[in-house]
Structures are given as C-alpha cells and as structure tokens.
Number of protein chains: 2
Amino acid sequence: MGKAAGETRDLAARDLALLATGRLRHAGLRPTRQRVELAGLLFRDMDRHVTAENLHAEVTAAGVKVSLATVYNTLHQFTEAGLLRQVIVDAARSYFDTNTGDHQHFFLETEGLLIDIPGESIEVAGVPAPPAGLAVDRVDVVVRVKRA
Amino acid sequence: MGKAAGETRDLAARDLALLATGRLRHAGLRPTRQRVELAGLLFRDMDRHVTAENLHAEVTAAGVKVSLATVYNTLHQFTEAGLLRQVIVDAARSYFDTNTGDHQHFFLETEGLLIDIPGESIEVAGVPAPPAGLAVDRVDVVVRVKRA
DNA sequence: CTCACAGTTTAGAACTGTTCTAACTCGTTG
DNA sequence: CAACGAGTTAGAACAGTTCTAAACTGTGAG
C-alpha cells in the first residue's frame with residue numbers, strides 16, 4: 001500500500017515478488033498477480049503446511065483479493081510443478097507442504113498441526129516387496145501425537 | 001433366499017449371525033438386524049478394507065435393507081468399540097479395516113486398493129521425540145504403490 | 001506501444017462424502 | 001406383552017473441493 005511505508009518493507013516485498021516470479025517462470029507457470037502473491041506467502045518461510053481455506057484466509061487477510069477457486073488451482077499447479085507436496089493425514093482436509101524433500105510428519109489431529117520430521121532421522125525397514133505388478137512409489141510415515 | 005437352498009448355506013448363515021451377535025454383545029452393542037448383517041459381512045473374512053459406500057452397496061446387493069446413515073453409524077460404533085480401525089490414506093474417502101492389530105498398508109491409489117503389511121515385518125526407527133507436551137499416539141506407514 | 005489471443009481468474013453452481021435431524025421402529029426389561 | 005430407551009431411516013444439511021462460463025490479463029507479434 002503506501003510508498004511512505006519505508007524502503008525496507010518495500011524492498012523486501014519487491015525481492016519476494018521477484019524471487020516468486022523467477023520460481024514461477026522456472027516451473028513454467030505464468031507469474032500472475034495471484035500466483036506471485038501466493039508464492040510469496042508460501043515460500044517466504046521454510047516448511048509451511050497450509051490448507052486451501054487456511055491460505056485463502058491468510059492471503060485475504062493480507063489485503064490481497066484472490067478467490068478460493070484460484071487458491072485451489074494454484075495449490076494443485078504448484079504441486080504438479082514440484083513446488084509443493086500434498087500430505088494426506090486427515091480425511092477432512094488436504095494439506096500442502098512447502099518442503100518437497102524427503103521427510104515425514106508429526107500430526108496433531110485435534111489442532112490440525114503438522115510438524116516436519118527430517119528424512120534422514122527416520123528410517124523404515126522391512127517393507128516387503130509389493131504384490132506382483134506393483135512398484136513402490138513412496139513411503140509415507142505419519143506419527144500421530146496427542147497432548148500429553 | 002429360499003429355505004430350499006440347502007442346509008450348508010443356512011447353517012453357515014446362522015452360525016455367522018450367532019458369531020456376530022456374540023461379538024456385538026461383547027462390545028456392548030445391541031445386536032440389531034442391521035448391525036448383525038454388517039458384522040456378518042465384515043468379519044466373515046479376515047482383513048477386509050471397506051468404505052461406507054462400498055459396504056452399503058455390498059449389503060444392499062445382498063438383499064438386505066440398510067440405510068447409508070446406518071452404515072456410517074455402524075462403522076463408527078464398531079471403530080469406537082475396537083472392532084474396526086480407520087485408515088487414512090485418501091483425502092476423498094475413509095477406509096475401515098477389520099484388522100485392528102499392529103500392521104501397515106500398501107495403497108494403490110488409482111484403484112482405491114488397500115493391502116495389509118504385517119506389523120512384525122515392518123519397522124520404523126529413528127522417530128525423534130515429539131515436541132514438548134506431545135506424546136506419540138500411533139505411527140502409521142503407508143506404502144503408496146503404482147502399477148509397474 | 002498496442003493488439004489479439006491463450007492462459008488465468010472469478011463467482012457461484014454443482015458435486016461428493018459425511019453428518020445431522022426428527023419421526024419412526026425395534027430390542028430389551030420388567 | 002407393554003413401555004421405554006436405543007437404533008434406524010429418509011432426506012436435508014454441511015464441508016471441502018471441483019466445475020463452469022464469462023470476464024480479465026500477461027505475453028509476444030507487429
């Protein structure tokens with residue numbers, strides 16, 4: 001919003017937008033206003049876990065007008081482009097993770113909270129060969145936790 | 001559904017119903033016609049994986065009238081009673097597993113197919129201590145597979 | 001710089017799986 | 001076997017997500 005807000009914030013915002021734009025171009029996605037805004041929010045911090053509604057509320061709260069449909073579209077496009085990863089832990093809603101590397105999750109169901117577990121620390125042994133005609137695509141570990 | 005169908009089938013059906021009834025009583029659930037029918041289908045074979053719609057179709061196809069709402073109610077009651085376990089692998093629908101013991105799953109997403117992996121064979125090591133105030137409730141492993 | 005077009009966004013309708021509601025039925029206990 | 005509480009039901013309601021058709025916008029050509 002105002003130019004009077006000071007250079008620091010403006011520069012940071014500009015940098016963020018530039019970074020996001022580059023990232024989007026690399027992924028073969030047109031850097032539209034909406035995608036740049038969403039990418040800005042998503043990739044500003046590492047290891048974010050968002051739901052569609054969640055992210056829509058955030059971007060709206062930030063004063064940016066983006067429709068819920070676009071948030072869904074964007075999350076899926078980002079996922080397909082390898083910028084996000086979908087995490088399935090809850091039958092009710094879909095989570096998207098900005099950390100696309102090899103890792104697993106703690107999940108606190110009562111609060112819808114996801115926490116990363118580094119891939120190196122965890123190890124799954126003894127997975128049998130899948131039935132004939134099938135190949136392992138990915139191994140997901142969800143450590144469900146509760147308030148102690 | 002005639003009586004002429006032969007003793008073998010009739011006896012098996014009666015036994016099944018008796019078994020189901022006993023199981024329900026033990027779980028503190030009134031053995032209503034619907035619950036007995038559903039339990040009969042669910043626990044006739046080991047290691048079944050059903051969805052609500054799925055089971056509703058099956059019971060209906062078997063000529064038994066049970067509403068979808070009752071199927072949902074029953075699946076949840078059975079789960080609460082420890083007769084079933086809910087498996088979360090797909091954001092779109094809920095699966096229920098008749099195997100309540102310690103085990104994990106292969107999941108073939110394209111066909112909605114779940115296959116058990118015995119708990120003894122698989123081992124998850126290196127799970128870090130959960131963040132303060134949280135305790136591990138359960139560790140779920142989903143091996144996502146694809147047609148080779 | 002402008003135009004035109006393909007790609008994108010949007011509001012709202014539609015859809016899917018699940019839960020709720022209020023009336024009805026059934027199993028159990030006395 | 002009566003009566004009461006537990007269970008069932010059809011259909012409405014709901015949440016999250018996807019679809020649709022029309023409006024808009026980034027991009028590359030001229």
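Preceding block: the structure.
Criteria and thresholds
Note on numbering: residues in each chain are counted from 1, in written sequence order. Chain letters start at A and ligand numbers start at 1, both assigned in the order the entries are written. Two thresholds apply to this predicted model, a pLDDT of at least 70 for residue-level local features and 80 or more for giving and counting side-chain atom pairs, whereas whole-chain, interface and lining totals are computed over all residues. In computing side-chain values, all of the structure's heavy atoms are included and hydrogens and water are not. Per the convention used, a helix needs a DSSP run of H or I reaching at least four residues, while a strand needs a run of E reaching at least two, with both numbered from the N terminus. When accessible area is computed with a 1.4 Å probe and restricted to protein chains, residues below 20% of their type maximum are described as buried, those above 50% as exposed, and intermediate ones as partly exposed. Two N or O atoms count as a polar contact when they lie within 3.5 Å, although within protein this holds only if one can serve as hydrogen donor and the other as acceptor, and sequence-adjacent residues are included solely when both atoms are side-chain atoms. Any two residues whose heavy atoms approach within 4.5 Å at even a single point are treated as in contact. Two strands qualify as a pair provided that DSSP identifies no fewer than 2 bridges between them. Between rings of Phe, Tyr and Trp, where Trp is taken as its six-membered ring, a pair exists when centres lie within 6.5 Å; planes separated by under 30 degrees are stacked, by over 60 edge-to-face, and by other angles tilted. Ring-over charges, as used throughout, are those where CZ of Arg or NZ of Lys falls within 6 Å of the ring centre and within 35 degrees of the ring normal. Neighbouring residues are identified by heavy atoms, a residue being near a molecule or strand if any of them is within 4 Å of it. For this classification, Asp, Glu, Lys and Arg are treated as charged, while Ala, Val, Leu, Ile, Met, Phe, Trp, Tyr, Cys and Pro are nonpolar and the rest, including Gly, are polar. Points on a 1 Å grid, built from protein atoms alone, make a cavity when a 1.4 Å probe fits but cannot get out and make a pocket when they are open with protein on both sides within 12 Å along at least 5 of 7 lines; residues with an atom within 4 Å of a point are the lining residues. Grid points are joined across faces, edges and corners, and a volume is the space filled by probe spheres set on the points.

## Observations regarding the side chain of His105 of chain A
All names here are of chain A.
In step 1: For His105, the location among the structural elements is in strand S4 (residues 103-108).
In step 2: A relative accessible area of 2% places His105 in the buried class.
In step 3: At 3.2 Å, the side chain of His105 forms a polar contact with the side chain of His103.
In step 4: Contact partners of His105, with chain neighbours within four places excluded, come to His49, Arg85, Val87, Asp97, Leu114, Ile115, Asp116, Ile117, Val141, Val142 and Val143.

## Examining the pairing of strand S7 (residues 134-147) of chain B
In step 1: Where strand S7 (residues 134-147) of chain A meets S7 of chain B, 13 bridges bridge the pair, whose relative direction is antiparallel. When the bridges of S7 of chain B are listed, Arg144 of chain A appears paired with Arg138 of chain B.

## Focus on the sheet that holds strand S3 (residues 95-97) of chain A
In step 1: Here we have 3 strands laid out as an open sheet, ordered S1-S3-S2 (chain A), and antiparallel in their pairing. Both outer strands of the open sheet, strand S1 (49-50) and strand S2 (85-87) of chain A, are each paired with one neighbouring strand and no more.

## A closer look at the pairing of strand S4 (residues 103-108) of chain B
All names here are of chain B.
In step 1: Burial within S4 is extensive, with 6 of its 6 residues counted as buried.
In step 2: Side chains His103, His105 and Phe107 of S4 all project onto a buried face; the interleaved residues Gln104, Phe106 and Leu108 project onto the opposite face, where all are buried too.
In step 3: Linkage of S4 to strand S5 (residues 113-118), two consecutive antiparallel strands, is achieved through a turn of 4 residues, within which Gly112 is found at a positive phi near 60°.
In step 4: Taken together, the 4 bridges between S4 and S7 define a ladder with parallel strand orientation. Of the residues in S7, the one forming a bridge with His105 is Val142.

## Description of the packing of aromatic side chains
In step 1: Overall, the coordinates contain 4 aromatic pairs over all chains when judged by the stated rule.
In step 2: Across from the ring centre of Phe43 of chain A, 4.5 Å away, lies the NZ or CZ of Arg23 of chain A, which sits over that ring.

## What to know about the protein's contact with DNA strand D
In step 1: Neighbouring residues of DNA strand D: 22 residues in total, closest Tyr72 of chain A together with Arg30, Thr32, Arg35 and Thr70 of chain B.
In step 2: Of everything in DNA strand D that lies within 4 Å of the protein, sugar and phosphate atoms constitute 83%.
In step 3: Residue Arg35 of chain B places a side-chain N or O atom 2.5 Å away from a phosphate oxygen belonging to DNA strand D.
In step 4: Measuring from a phosphate oxygen of DNA strand D, one finds a backbone N or O atom of Ser67 of chain B at 3.0 Å.
In step 5: When residues of the surface near DNA strand D are traced back to their parent elements, those giving at least two are helix H4 (68-80) of chain A together with helix H2 (33-44) and helix H4 (68-80) of chain B.
In step 6: Examining the composition of the surface near DNA strand D, we find that 4 residues originate from one element, H4 of chain A, more than from any other.
In step 7: Considered class by class, the residues forming the surface near DNA strand D number 7 nonpolar, 7 polar and 8 charged.

## Focus on empty space enclosed by the protein
In step 1: By the definition in use, this model includes 1 cavity of 30 Å³ or more.
In step 2: Put simply, the largest cavity is a space of about 70 Å³.
In step 3: Forming the walls of the largest cavity are Arg85, Gln86, Val87, Ile88, Val89, Gln104, His105, Arg138, Asp140, Val141 and Val142 of chain A together with Arg144 of chain B.
In step 4: For the lining of the largest cavity, the elements supplying multiple residues, two or more each, are S2, S4 and S7 of chain A.

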